[in-house]
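Chain residues, written in single-letter form:
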Amino acid sequence: QVRLVESGGGLVQAGGSLRLSCAASDRTFSNYAGGWFRQAPGKEREFVAGISRSGGSTYYADSVKGRFTISRDNARSTVFLQMNSLKPEDTAVYYCAARWGIVVVTALEYDYWGQGTQVTVSS
């Protein structure tokens, strides 16, 4: 069982930046692909970004490409999401997720989830 704990959410003005962190309890976290998802009120949970086990491959939703950067530090069992040029439509609860194997964009394919952190972007 892997426990994931997100941090770093908050309120920011449009155009601002936030950095989310996701700390995993498992010291073998390097065996898991990492992902960030988000869910806005009344909407389904959507894929934002994913990173391979080694960190060598990253994947992004078209809506965040060029603005968000996912990274990981396996020595610290942590995945990060750097969010720049934030827009009001980025407002959502952001969730960290992990799965054994490769990155996929389907939320149901992930085995472990954090509790979520709220990101609010004001216009």
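By convention here, each chain's residues receive numbers from 1 onward along its written sequence. Local features are withheld for residues below a pLDDT of 70 in this predicted model, meaning they are given only at 70 or higher, and side-chain atom pairs are given and counted only at 80 or more; totals for whole chains, interfaces and linings count all residues. The side-chain quantities take in all heavy atoms of the structure and omit both hydrogens and water.

Quick notes on the packing of aromatic side chains
A pair of aromatic rings is counted whenever rings of Phe, Tyr or Trp (Trp by its six-membered ring) have centres within 6.5 Å, and the orientation is called stacked for planes under 30 degrees apart, edge-to-face for over 60 and tilted otherwise. For the coordinates displayed, the defined rule picks out eight aromatic pairs. With centroids separated by 5.9 Å and ring planes inclined at 80 degrees, the aromatic side chains of Y32 and Y112 adopt a geometry described as edge-to-face. Here Y32 is found in strand β4 (residues 32-39), whereas its partner Y112 is found in strand β10 (residues 112-113), with 80 residues between them in sequence. In this pair, the class of Y32 matches that of Y112, namely buried. Aromatic side chains Y95 and W113 sit 6.4 Å apart centroid to centroid with 80 degrees between the ring planes, which places their arrangement in the edge-to-face category. Here Y95, found in strand β9 (residues 92-100), pairs with W113, found in strand β10; they are 18 residues apart in sequence, far enough to count as distant. Among the residues examined, Y95 registers a relative accessible area of 14% and is labelled buried. Through pairs of rings, three or more aromatic residues link up here, namely F37, F47, Y95, Y110 and W113. By definition, being over a ring means that NZ of Lys or CZ of Arg is both within 6 Å of the ring centre and within 35 degrees of the ring normal. Positioned over the ring face of Y95 is R45, at 3.7 Å from the centre of the ring. Over the ring of W113 we find R45, and its NZ or CZ is 4.8 Å from the ring centre. A helix here means a DSSP run of H or I that spans at least four residues, while a strand means a run of E at least two residues long, and both kinds are numbered starting from the N terminus. Partly exposed residues are those whose accessible area sits between 20% and 50% of the maximum for their type, while under 20% is buried and over 50% is exposed, using a 1.4 Å probe and protein chains only.

Considerations on the state of the cysteines
By disulfide we mean two sulfur atoms from cysteines, separated by a distance within 2.5 Å. Following the criterion strictly, the structure yields one disulfide and no others. In this model, C22 is linked to C96 through a disulfide, with the two sulfur atoms separated by 2.0 Å. Residues C22 and C96 share a disulfide whose torsion about the S-S bond is about -75 degrees; that sign makes it left-handed. With C22 in strand β3 (residues 18-24) and C96 in strand β9, this pair connects stretches of sequence that are 74 residues apart.

Function cannot be inferred from these measures alone, as they are strictly geometric.
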